[in-house]
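Close look at the chain arrangement
For reference, the chains in residue letters:
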Amino acid sequence: MDKTRLRIAIQKSGRLSKECQQLLKGCGVKLNLREQRLIAHAENMPIDLLLVRDDDIPGLVMDGVVDLGVVGENVLEETLMDRQAQGEAADYSVLKRLDFGGCRLSLAVADDFDYQGPQSLEGRRIATSYPWLLKRFMDAQGVKFKSVMLNGSVEVAPRAGVADAICDLVSTGATLEANGLVEADVIFRSKAVLIQSGNALPAGKQQIVDKLLPRIQGLQQARESKYIMLHAPKDKLEQVIDLLPGAERPTIMQLAGETNQVAIHMVSSEDMFWETMEGLKALGASSILVLPIEKMME
Ligand code: ATP
Ligand code: MG
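Calculation notes
Residues numbered from 1 in each chain as written. Chains lettered and ligands numbered in written order. Predicted model: local features only at pLDDT ≥ 70, side-chain atom pairs only at ≥ 80, totals over all residues. Heavy atoms only, no water. Helix = DSSP H or I, 4+ residues; strand = E, 2+ residues; numbered from the N terminus. Polar contact = N/O pair within 3.5 Å; in protein donor to acceptor, adjacent residues only side chain to side chain. Pairing = 2+ DSSP bridges. Axes fitted to C-alpha atoms, helices over the stretch in contact; angles between N-to-C directions. Contact = heavy atoms within 4.5 Å. UniProt positions renumbered as here; feature names shortened; annotations may be inferred. Parallel < 35°, antiparallel > 145°, perpendicular 65-115°, else oblique. Donors = N, O, S within 2.8 Å, 3.2 Å for Na, K, Ca; no water. Buried < 20%, exposed > 50% of the residue type's maximum accessible area, 1.4 Å probe, protein only. Near = heavy atom within 4 Å. Areas by Shrake-Rupley, 256 points an atom, 1.4 Å probe, with all protein chains shown as cover. 1 Å grid on protein atoms, 1.4 Å probe; cavity = no way out; pocket = protein on both sides within 12 Å on 5 of 7 lines; lining within 4 Å. Sits in = over half its atoms within 2 Å of the grid points. Nonpolar A, V, L, I, M, F, W, Y, C, P; charged D, E, K, R; others polar. Points joined across faces, edges and corners; volume = space filled by probe spheres on them.

Concerning the environment of Lys135
Counting through the fold element by element, Lys135 comes out in helix H4 (residues 131–141). Sequence separation between Lys135 and Ser147 is twelve residues; the distance between their C-alpha atoms is 8.3 Å. A polar contact is formed between the side chain of Lys135 and the side chain of Asp139, at a distance of 2.6 Å.

Encoded structure:
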C-alpha cells in the first residue's frame, strides 16, 4: 500500500456510487474500476479508491484509515452520535456538501393511524436503522418511545406487527405508499458530503485535495448554470436583457450582414423557462438556444 497516495472511500454499490464515480471522472480522475475489487487505483493521479459499504465510510475517515470519503449526512450523523456514545474518537471535517444523494429521514405510520404529531407515538415501538437520529428528535420533542433496530426492510415492520411506526429514508415516497404507510414528520434532511479525516494531510496529499475541491466546485456550478444564446432586435435590447435570468453583463455581438439584429450570449446561474423564451420571442428575439455547461472556473 502506497502511503503517499490520497485514499478516498466511496460506496461500492448503491445510491451514491454512480454519482461518486461520475464526480471523480468529472474532476479528471481516470479510474480503472473492476467489479468486486476493494481498491481501485487512479491511472493519472496519486489517488486510490476504497469501495466499501456506505455505513463503513464515516468510521474509515474518522479513524484515519482513508483521507477522504463521500457519504450521506444521515449515515455521518448517525455514526458520529454512536461513536460519541461509545467514547470513540470522531475527528473529521466536512470539505463540501455535494449536490446529490438528497433524501429525508422521516417518521411514517400506517395510513389508518391517527397521527397528530410526534406525541401520538408516545410509548410506541418505532422501527429504524437510525436509532440515534430518531432518539435526538424524539428527546427534543419530549416523547418516549421504544426503538426497534432493523438494518433492512424497515418499511414492512408495521404490517408484520414488529412496530407501530417507522423512521426511514424517503425520497419520492413510493416505497412508503407501496407498503400502506404515510409520511408523518421529517426529522432530518440529508445530502451526500465529502469529508476529510481530522489528521493534517502530508503536503503531497493536501496538494491533490486543493486541486480536487475547486474542480468539484466547478462541476457543481456548471450543473446549476446554462449558456444562453439568442438573436435580438437592436431596438428591443434593453427589454430583452431585462427578461434574461440573471443577466448582468451579457456579451453583445454584431451579426454578419445584419444591422437591425445583434447576438446575445450569456452564462446564467438559473435555468430558462419556456415562458421566458416565449416572452423573448414575442419581443422579436429568435434562434434562442439554452445549452448545458460541462465545466466552469471563475
Ligand atoms: P450499502 O450496501 O452501501 O450499505 P445501503 O443500502 O445502506 O448501501 P443505499 O440505499 O445505497 O444504502 O443509500 C445510500 C445513501 O443514499 C443513503 O444513506 C442516503 O444518504 C442516500 N439516499 C438518497 N436517496 C435515498 C433513498 N430514497 N433511500 C435511501 N437512501 C437514499
Ligand atoms: Mg448502508
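More follows now that the structure is in view.
Overview of the sheet that holds strand S6 (residues 103–110)
Overall, mixed pairing links the five strands, which are arranged S8-S7-S9-S6-S10 in an open sheet. Each edge of the sheet is formed by a strand with only one pairing partner; in this case those strands are strand S8 (146–149) and strand S10 (181–190). Averaged over all pairs of adjacent strands, the angle between their axes in this sheet comes to 30 degrees, without regard to strand direction. Both S6 and S10 contribute to a ladder of eight bridges, which runs antiparallel. Counterpart to Cys103 in the pairing with S10 is Ser190. Relative to S10, helix H3 (residues 73–86) is tilted by about 75 degrees, and along the sheet it contacts strand S9 (165–170) and S10. Sheet strands in contact with H4 are S6, strand S7 (125–128), S8, S9 and S10, and its direction is about 95 degrees off that of S10.

With respect to the UniProt feature "domain: ATP phosphoribosyltransferase catalytic" (unreviewed entry) in the protein
Following the UniProt record, one finds the feature "domain: ATP phosphoribosyltransferase catalytic" (unreviewed entry) at residues 53–218. The annotated region residues 53–218 carries 31% helix and 30% strand content, and the separation between its end C-alpha atoms amounts to 28 Å.

Remarks on the sheet that holds strand S12 (residues 226–233)
Overall, antiparallel pairing links the four strands, which are arranged S13-S14-S12-S15 in an open sheet. Looking at which strands have only one partner, the edges of the open sheet turn out to be strand S13 (251–255) and strand S15 (286–292). Each strand axis lies, on average, 20 degrees off the axis of its neighbour in the sheet, ignoring direction. The pairing of S13 with strand S14 (residues 258–268) spans five bridges and is classified as antiparallel. Following the sheet pairing, Thr251 is matched in S14 by His265.

Some words on the packing of H3 against H4
In a packed pair of helices, the relevant descriptors are the angle between the two axes and the axis-to-axis distance. Between H3 and H4, whose axes approach to 8 Å, the crossing angle comes to 85 degrees. As far as their axial angle goes, H4 and H3 are roughly perpendicular. In contact with Asn74, Glu77, Glu78, Met81, Asp82 and Ala85 of H3, H4 contributes Pro131, Trp132, Leu133 and Arg136.

Remarks on the coordination of the magnesium ion (ligand 2)
For the magnesium ion (ligand 2), the full set of protein donor atoms is Asp54 (OD) and Asp55 (OD), at a range of 2.0 to 2.1 Å. Asp54 sits in the buried class, given a relative accessible area of 18%.

Quick notes on the site of ligand 1
Neighbouring ligand 1 are 16 residues, the closest being Arg15, Arg53, Asp55, Asn74 and Ser171. In the environment of ligand 1, a nitrogen atom lies 2.6 Å from a nitrogen or oxygen atom belonging to the side chain of Ser171. Taking 630 Å² as the accessible area of ligand 1 by itself, protein coverage stands at 79%. The cavity that encloses ligand 1 is the largest pocket. Broken down by class, the residue content of the shell around ligand 1 amounts to five nonpolar, seven polar and four charged.

Focus on the layout of surface pockets
Each pocket or cavity is described by its volume, and for the largest pocket that value is around 1,200 Å³. Around the largest pocket sit 41 residues that line it, and Arg15, Asp54, Asn74, Tyr130 and Leu169 are the ones nearest its centre. No other element matches H3, which puts six residues into the lining of the largest pocket. Grouping the amino acids of the lining of the largest pocket by side-chain chemistry returns 14 nonpolar, 16 polar and eleven charged. Estimated volume of the second largest pocket: approximately 250 Å³. For the second largest pocket, the lining is made up of 15 residues, of which Gly246, Glu248, Arg249, Val267 and Ser268 are closest to its centre. Take the lining of the second largest pocket: its biggest share by element is four residues, from S14. A breakdown of the residues in the lining of the second largest pocket according to their chemical character gives five nonpolar, seven polar and three charged.

Focus: empty space enclosed by the protein
Evaluation of the coordinates by the stated rule reveals one cavity of 30 Å³ or more. By volume, the largest cavity amounts to about 70 Å³. Ile8, Ile10, Cys20, Leu23, Leu24, Leu68, Val70, Leu194, Leu212 and Ile216 are the residues that line the largest cavity. Of all the secondary structure elements, the ones that give two or more residues to the lining of the largest cavity are strand S1 (6–11), helix H1 (17–26), strand S4 (68–72) and helix H6 (203–224). With three residues, H1 is the largest single contributor of residues to the lining of the largest cavity. When grouped by side-chain class, the residues that make up the lining of the largest cavity number ten nonpolar, no polar and no charged.

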